[in-house]
Amino acid sequence: MKCVIIDDERPAIAVIKRYIERLPNLDLGGTAINPITGIEIVKKEKPDVVFLDIQMDQMSGIDVMKIISEYSEVVFCTAYSEFAVQSYELDAVDYLMKPIEFPRFALAVQRVNDVLLSRHTAYQPIPNDYIFIKTGQRGKMLRIDLDDIAFIEGMSNYVAFHLTTKKVVAYLSLKELEEKLPESQFMRIHKSYIVSLRQVSSLENNELILKKDSKHLPLGAIFKDTFLGRMKDKLIQLIIGVGFIEGIEAFNL
């Protein structure tokens, strides 16, 4: 994990450098006592994390973070506690109070690692049989087997996974999730719902009935033709097997 230190006090930089040398997963990409120089180093090196002072003569650490946050995670290192709330509002990973003790520094590094892992996982292709989602507990990821999902419900910036045994809520958009789920197993059927095709029992008019608890889900008008197209082969098999069916508005999968 590459890191950069920006602090206008050389003794403070020396302390963090010693701590970095004690952690084998850290690689120091540069240091700066001038925040302007530090910004240029960050843009060039694109480190995973920047250990950043707040009270500096040329430019405050808060202003520096607003510039470098697109490149790196930030851990503030400062002697002033009054900036803590503002730093977290800017999504800093951690806020270390000087003098910084090594165990507390190591904890901050672990938090950075957890954030990087969760963000990396969120943008990886979802495997064919399970997914990991980030829970409300920092650094904790929960495994969900795709076969356990009956349907997924979108709720603003959250989604609810309706499993065969429970419901799990995650901070994620339905659109983002739709793009990553296997198309062979899941389908968007409504602006607020993604369904597991394996869990669909029948279609009645504009509703899908699921195997689990005979749950009814709306089939949106703009999704209906696509759904029936996906089900075309199964509809044909059903007609051959049964010999008669009143239209294609009721079928068993």
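Let me begin by describing the structure that accompanies this report. (Residues numbered from 1 in each chain as written. Predicted model: local features only at pLDDT ≥ 70, side-chain atom pairs only at ≥ 80, totals over all residues. Heavy atoms only, no water.)

## Structural notes on a nonpolar patch on the surface
Argument step 1. On the surface, M155, Y158, V169 and Y171 cluster together to form a nonpolar patch covering roughly 410 Å² of accessible area.
Argument step 2. Among the secondary structure elements, Y158 is positioned in strand β9 (residues 158-163).
Argument step 3. Overall, the relative accessible area of 40% leaves Y158 in the partly exposed class. (Patch = residues over 30% accessible without salt bridge, like charges linked within 9 Å, V, L, I, M, F, W, Y side chains within 5 Å. Areas by Shrake-Rupley, 256 points an atom, 1.4 Å probe, with all protein chains shown as cover. Salt bridge = Lys/Arg side-chain N within 4 Å of Asp/Glu carboxyl O. Helix = DSSP H or I, 4+ residues; strand = E, 2+ residues; numbered from the N terminus. Buried < 20%, exposed > 50% of the residue type's maximum accessible area, 1.4 Å probe, protein only.)

## Some thoughts on the pairing of strand β4 (residues 73-78)
Argument step 1. Counting buried residues in β4 gives six out of six residues, a clear majority hidden from the surface.
Argument step 2. Of the two faces of β4, both are covered, the one formed by E73, V75 and C77 as well as the one formed by V74, F76 and T78.
Argument step 3. Handedness of the crossover is the feature at issue here: the chain leaves strand β3 (residues 49-52), passes through helix α3 (residues 61-68), returns alongside β4, and the resulting connection is right-handed.
Argument step 4. Pairing geometry for β4 and strand β5 (residues 94-97), over four bridges, is parallel. Bridging from a neighbouring strand, V75 pairs with D94 of β5. (Right-handed = clockwise from strand over helix to strand, strands pointing away. Pairing = 2+ DSSP bridges.)

## With respect to helix α7 (residues 221-230)
Argument step 1. Turning to α7, its buried residues are F223, K224, F227 and L228. The buried residues of α7 occupy an angular sector of 135 degrees when projected down its axis, which confines them to one face. Those residues of α7 that are exposed and angled more than 90 degrees off the buried face are I222 and D225. (Arc of directions from axis to C-beta.)

## Examining unusual backbone geometry
Argument step 1. Residue P99 is bonded to the preceding K98 through a cis peptide linkage, with omega at -5 degrees.
Argument step 2. One can find P99 in the loop between β5 and α5 (102-122).
Argument step 3. Non-glycine residue S214 carries a positive phi angle of around 50 degrees.
Argument step 4. Relative to the helices and strands, S214 is located in the loop between β14 (207-210) and β15 (216-218).

## Re the nonpolar core
Argument step 1. Residues I20, F51, V75 and F105 are the most contacted members of the largest nonpolar core, which totals 21 residues.
Argument step 2. Per-element tally for this core: the top contributor is α5, with six residues.
Argument step 3. The residues contacting I20, other than those within four sequence positions of it, are C3, I5, L26, L28, F51 and F105.
Argument step 4. I39, L52, I62 and F76 belong to the second-largest nonpolar core, a separate cluster that totals 19 residues. (Core = buried A, V, L, I, M, F, W, Y, C linked by side-chain atoms within 4.5 Å. Contact = heavy atoms within 4.5 Å.)

## Details of the sheet that holds strand β8 (residues 149-155)
Argument step 1. Strand order in the open sheet formed by five strands is β10-β9-β8-β12-β11, with antiparallel pairing between adjacent strands. Since the sheet does not close on itself, it has two edges, and those belong to β10 (167-171) and β11 (186-190), each with one partner. Neighbouring strand axes in the sheet, compared pairwise and without regard to direction, differ in orientation by 20 degrees on average.
Argument step 2. Where β8 meets β9, six bridges bridge the pair, whose relative direction is antiparallel. In the sheet register, E153 faces β9, and the bridge partner there is A160. (Axes fitted to C-alpha atoms, helices over the stretch in contact; angles between N-to-C directions.)

## What about the packing of helix α2 (residues 35-45) against α3?
Argument step 1. Where α2 contacts α3, the two axes come as close as 10 Å, and the packing angle between them is 20 degrees. One element, α2, and the other, α3, form an angle in the roughly parallel class. The element α2 and its partner α3 pack so that their crossing is right-handed. In this structure, α2 uses P35, I39, V42 and K43 to contact α3, whose residues at the interface are V64, I67 and I68.
Argument step 2. Along the lines of polarity and charge, the residues of the contact of α2 with α3 split into six nonpolar, no polar and one charged. (Parallel < 35°, antiparallel > 145°, perpendicular 65-115°, else oblique. Left-handed = near helix turned anticlockwise from the far one by under 90°. Nonpolar A, V, L, I, M, F, W, Y, C, P; charged D, E, K, R; others polar.)

## With respect to the environment of L96
Argument step 1. Relative to the assigned elements, L96 resides in strand β5.
Argument step 2. Along the backbone, L96 and A84 are 12 residues apart, and their C-alpha atoms lie at a distance of 9.2 Å.
Argument step 3. When sequence neighbours within four positions are dropped, the list of residues in contact with L96 reads V75, F76, C77, T78, R104, F105 and A108.

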